[in-house]
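Listed below, chain by chain, are the residues.
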Amino acid sequence: MTEEPKSPVPPPPDGESKPAPETSKPPVATPAAAPPKPAVSAQPAGPVPVPWASPLAEKYKGRYGSGLEALSYLRQNYLTVNRSLIPGILQLLRDEDHFDYCVDITAVHYPKREKQFDVLWILYSFSRNERVRVKTQIADGESLPSAVPVWATANWLEREVYDMFGIKFDGHPDLKRILLPDGWKGHPLRKDYGILQQDQEWVQINLGIESGQ
Amino acid sequence: MNAEIKNDPENALSNLDLETPERPHLDSNELIINMGPQHPATHGVLRVILRLDGERVLGTECVIGYLHRGVEKIGENRTYTMFNPYVDRMDYVAAVSNGLGYCQAVEKLMNVEAPPRANYIRVILTELNRLASHQLWLGTHALDIGAMTPLFYTFRDREEILKIFEKYCGARLTTHAFRIGGCLYETYAGFEKEIKNYLKYLAPHIDEYEELLTGNRIWLERTKKVGVISGADCIALGVTGPVLRASGVKWDVRKAQPYANYADFDFEIPTGENGDTFDRYLVRMAEMRQSLRIIDQAVNGIPEGPIMARVPKVIKPPVGEIYHSIESPKGELGYFIVSDGSTQPYRLRVRPPSFVNLQALDRMVRGMMVADVVAVIGTIDIVLGEVDR
């Protein structure tokens, strides 16, 4: 038992520099109480996105060059593209590479960033049995071209993104709120919209009650 | 005398013969009619504004959001574990499927995998839930069209499934059956036997449902060539699930991108040809039989072992994002989760099949009769809790 001082704490996360280096000499006294903190919140470093190597990624890299990055995370592939590529690359993905099913369109809000929004198109191809995400960044107030001419399903999905984030889609046939009432103020999935926040004025006028809380 | 007047358009007494190429019908004023949100045939609080020419539908607009609870916002403000029961409240007739999709998405993000035994339990319960969901759909859909009997039959049989859920996890509807990393509950004593008995019990009863409807003249009249949608339209509109398969597209997430351990089981993807309400009915009936097959294989092969993977008490997935989808009874149910490394999701997006499928309503009812709108809403199989979230 004395050789190989096996510490009871889980091994340190690899890649992290641990303040206390591995002791080679056997502990002399009170081995149990020795470790001060058993691996403070053993946060695994986690996988990092790796370049996505495939003919498809090569093709788009060749065509668009630096405006596009093809990455892969947890075996899921995505293309990070400049906003200016947006109508074209979606059309190409559908027409040339058979991504004929637009699974979802959504957005993520990063208020501290200069370009506050990530907008994502999750695409699927029946013939390739493959998914890809197209991701772009836009600033607050900036609009995007609508994908309705490419996939009819984009209609309601874009309306939801508009409703929840206030991102406008140019050329959308009927861009209005979908889940919230028409006169509502604010876009709830923005990070600056509190979870208890509501449009008091709308509630008072339309529901005839002081507050919905 | 009459003949004389008829020949003289200046002195025509009635306007019955005013059918001209410009105005082909008699009085053809368009009518805007509101249906719902409080209407039994809309299966919840769906409001449909119909533009009608007599009995014929010229166009529709869905007004949704009456049941909006901000599930995605709640997700950002709860820990991964705390959010788990909320997903049951979206598609509340298929709560187990919702939970499976969510748990697997988080597991994928954390790079853990549920142990085999947990996967078997998950598949059994999810398929039972698919049966329950289809039974509820069949009963209410048939009731909307005017066939009352199937409702009693399907609810009688669905009850037995809910009893199994209740015995397994204590809840009948919003089950919260799974946890991130596996299952919390071990199977109860007699679990396998009860499920095997249920399979034996249900198989002839599915035939019974079919006897009531498949050859029924009224059912055929009300469902054949009603709400037709082509496979290409389905794909363009993002429609998935039985609606897509009834239009002839053989695609099911369980086969295309298997999750849990669906790859181990032998089953088929039933498809239709015409994409009408009748084919969607047949596809769902066939799917119920396939579910029985899957459950039968699963219940006979549950391995021994742990039911929970090694998951930390506090769930903190690494920074990253993931999209994971499963085949819920309604179609492709997806979760897109962005993690910032904390205990709460930075963004949690649900891709609800009902919401996307409902968008096809307009395409399906144009040119149909008002009464067909009811049939088509039923055949899409929406759950408003999931449409509005």
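Please read these numbers as outputs of a predicted model, since none were measured by experiment. (Residues numbered from 1 in each chain as written. Chains lettered and ligands numbered in written order. Predicted model: local features only at pLDDT ≥ 70, side-chain atom pairs only at ≥ 80, totals over all residues.)

Peer 1: How should the overall build of chain B be read in this particular structure?
Peer 2: Check the secondary structure of chain B and you find 16 helices and 8 strands. Taken along its principal axes, the extent of the C-alpha atoms in chain B is 95 × 50 × 35 Å. Taken across its 389 residues, chain B has 51% of its residues classed as buried. Long-range pairs, those at least 24 residues apart, make up 70% of the contacts in chain B between residues at least 6 apart in sequence. (Helix = DSSP H or I, 4+ residues; strand = E, 2+ residues; numbered from the N terminus. Buried ≥ 20, exposed ≤ 12 C-beta atoms within 10 Å, placed from the backbone. Contact = placed C-beta atoms within 7 Å.)

Peer 1: Looking at this model, I keep getting lost on the overall build of chain A. Mind explaining?
Peer 2: Scanning chain A for helices and strands turns up 4 helices and 8 strands. Helices and strands in chain A line up, N terminus first, as β-α-β-β-α-β-β-β-β-α-β-α. The 213 residues of chain A split such that 27% are buried. Taking as baseline every contact in chain A between residues at least 6 positions apart, the subset at least 24 positions apart corresponds to 45%.

Peer 1: Hey, could you run me through the packing of helix H5 (residues 116-145) of chain B against helix H12 (residues 277-299) of chain B in this one?
Peer 2: Each pair of packed helices can be summarised by the angle the axes make with each other and by the distance between the axes. All names here are of chain B. The contact between H5 and H12 brings their axes to 9 Å, and the two run at 155°. The orientation of H5 relative to H12 falls into the category roughly antiparallel. Here H5 and H12 pass one another in a crossing that is left-handed. Mapping the contact onto sequence places Tyr-120, Val-123, Ile-124, Glu-127, Leu-128, Arg-130, Leu-131, His-134, Trp-137 and Leu-138 in H5 and Arg-284, Glu-287, Met-288, Ser-291, Ile-294, Ile-295, Ala-298 and Val-299 in H12. Among the residues forming the contact of H5 with H12, the class breakdown is 12 nonpolar, 2 polar and 4 charged. (Axes fitted to C-alpha atoms, helices over the stretch in contact; angles between N-to-C directions. Parallel < 35°, antiparallel > 145°, perpendicular 65-115°, else oblique. Left-handed = near helix turned anticlockwise from the far one by under 90°. Nonpolar A, V, L, I, M, F, W, Y, C, P; charged D, E, K, R; others polar.)

Peer 1: What is the right way to look at the sheet that holds strand E1 (residues 30-35) of chain B in this model?
Peer 2: Sheet strands pair via backbone hydrogen bonds, and the direction of the pair is either parallel or antiparallel. All names here are of chain B. Strand order in the open sheet made by the 3 strands is E1-E2-E3, with antiparallel pairing throughout. The two strands at the open ends of the sheet, each matched to only one other strand, are E1 and strand E3 (56-63). Recorded for the sheet is a direction-independent mean angle of 20° between the axes of neighbouring strands. (Pairing = 2+ DSSP bridges.)

Peer 1: I would appreciate a short explanation of the pairing of strand E7 (residues 331-339) of chain B in the present structure.
Peer 2: Look at any regular strand and the pattern is simple: side chains alternate between the two faces of the sheet. Residue and element names in this part refer to chain B. In terms of residue burial, E7 counts as a mostly covered element, since 9 of its 9 residues are buried. Here strand E6 (residues 320-328) runs beside E7; their pairing, made up of 9 bridges, is antiparallel. By the bridge assignment for E7, Tyr-323 is matched with Phe-336. Hairpin connection, E6 to E7: the antiparallel pair is bridged by 2 residues. Two elements, E7 and strand E8 (residues 345-351), share 6 bridges in a ladder whose sense is antiparallel. Bridge assignment links Tyr-335 to a residue of E8, and that residue is Val-350.

Peer 1: Before we go on, may I ask you to explain the nonpolar core in this structure?
Peer 2: The nonpolar side chains of a soluble globular protein tend to be buried, and buried together. Ranked by internal contacts, the top residues of the largest apolar core, which has 149 residues, are Leu-123 of chain A together with Val-106 and Ile-124 of chain B. At 14 residues, H5 of chain B tops the list of elements feeding residues into this core. Each residue touching Ile-124 of chain B, except ones within four places of it in the same chain, is listed here: Ile-195, Ile-295, Ala-298 and Val-299 of chain B. (Core = buried A, V, L, I, M, F, W, Y, C linked by C-beta atoms within 7 Å.)

Peer 1: How do you make sense of the interface of chain A and chain B when you look at a structure like this?
Peer 2: Note: interface size is frequently given as the accessible area lost on complex formation between the parts. Facing 29 residues of chain A, the contacting portion of chain B comprises 33 residues. Only strand E4 (101-109) and helix H3 (154-165) of chain A provide two or more residues apiece to the side of chain A that touches chain B. The greatest single-element share of the side of chain A that touches chain B, amounting to 6 residues, is contributed by E4 of chain A. Looking at the side of chain A that touches chain B residue by residue, the classes come out as 19 nonpolar, 7 polar and 3 charged.

Peer 1: Please explain the packing of helix H4 (residues 95-110) of chain B against H5 of chain B as it appears in this structure.
Peer 2: All names here are of chain B. Between H4 and H5, the least distance of the axes is 8 Å, while the angle of their chain directions is 140°. Comparing the axis directions of H4 and H5 gives the class oblique. From H4, Val-96, Ser-97 and Leu-100 reach across to H5, where they touch Arg-122, Leu-125, Thr-126 and Asn-129. Here the residues of the contact of H4 with H5 are counted per class, giving 3 nonpolar, 3 polar and 1 charged.

Peer 1: Just to check I follow, could you spell out the sheet that holds strand E1 (residues 50-51) of chain A for this structure?
Peer 2: All names here are of chain A. The sheet built from 6 strands is open, its strands ordered E1-E2-E3-E6-E5-E4 with mixed pairing. Each having just a single partner strand, E1 and E4 make up the two edges of the open sheet. As paired elements, E1 and strand E2 (residues 68-73) share 2 bridges and run antiparallel to each other. Residue pairing across strands places Pro-51 opposite Leu-71, the latter belonging to E2. Against the sheet, helix H1 (residues 55-64) touches E2 and strand E3 (76-81), its axis set at about 155° to E2. Sheet strands touched by H3: E4 and strand E5 (117-125). Its angle to E4, the strand with the most contacts, is close to 5°.

Peer 1: Hey, could you run me through unusual backbone geometry in this one?
Peer 2: The phi dihedral of His-176 of chain B is positive, around 50°, even though this residue is not glycine. Summarising the element assignment, His-176 of chain B is placed in the loop between helix H6 (149-169) and strand E4 (178-179).

Peer 1: I keep staring at the environment of Asn-129 of chain B and nothing clicks. Help me out?
Peer 2: All names here are of chain B. Inspection of the secondary structure puts Asn-129 in helix H5. Note on Asn-129: 27 C-beta atoms within 10 Å, which makes it buried. Sequence separation between Asn-129 and Leu-100 is 29 residues, and the spatial gap between their C-alpha atoms is 11 Å. Discounting residues that sit within four places of it in the chain, Asn-129 has contacts with Ala-94, Val-96 and Ser-97.

Peer 1: For this particular structure, what's the right way to read the confidence of the model for chain A?
Peer 2: As a note on interpretation, predicted positions should not be read in detail where pLDDT is low. Taken as a whole, chain A shows an average pLDDT of 78; of its residues, 79% reach a score of 70 or greater. Scored below 50 in pLDDT, residues 1-43 of chain A makes 22 contacts in the model with residues more than four places away or belonging to other chains. (pLDDT = per-residue confidence, 0-100.)

Peer 1: When you look at the confidence of the model for chain B in this model, what are you seeing that I'm missing?
Peer 2: When pLDDT is averaged along chain B, the result is 87; 93% of the residues meet or exceed 70. On the interface metric, ipTM, the complex scores 0.84, and its pTM is 0.83.

Peer 1: What am I meant to see in the environment of Thr-214 of chain B here?
Peer 2: All names here are of chain B. With respect to the element layout, Thr-214 can be found in the loop between helix H7 (191-213) and helix H8 (217-223). Under the C-beta neighbour-count criterion, Thr-214 is labelled partly exposed, with 14 such atoms within 10 Å. Sequence separation between Thr-214 and Gly-75 is 139 residues, and the spatial gap between their C-alpha atoms is 43 Å.

Peer 1: When you look at the pairing of E5 of chain A in this model, what are you seeing that I'm missing?
Peer 2: Residue and element names in this part refer to chain A. Most of E5 is tucked away: 7 of the 9 residues are buried. The pairing of E4 with E5 spans 8 bridges and is classified as antiparallel. Across the sheet, the residue bridging to Ile-105 is Trp-121, located in E5. Between the antiparallel neighbours E5 and strand E6 (residues 130-138) lie 4 residues, among them Asn-129 with a positive phi of about 50°.

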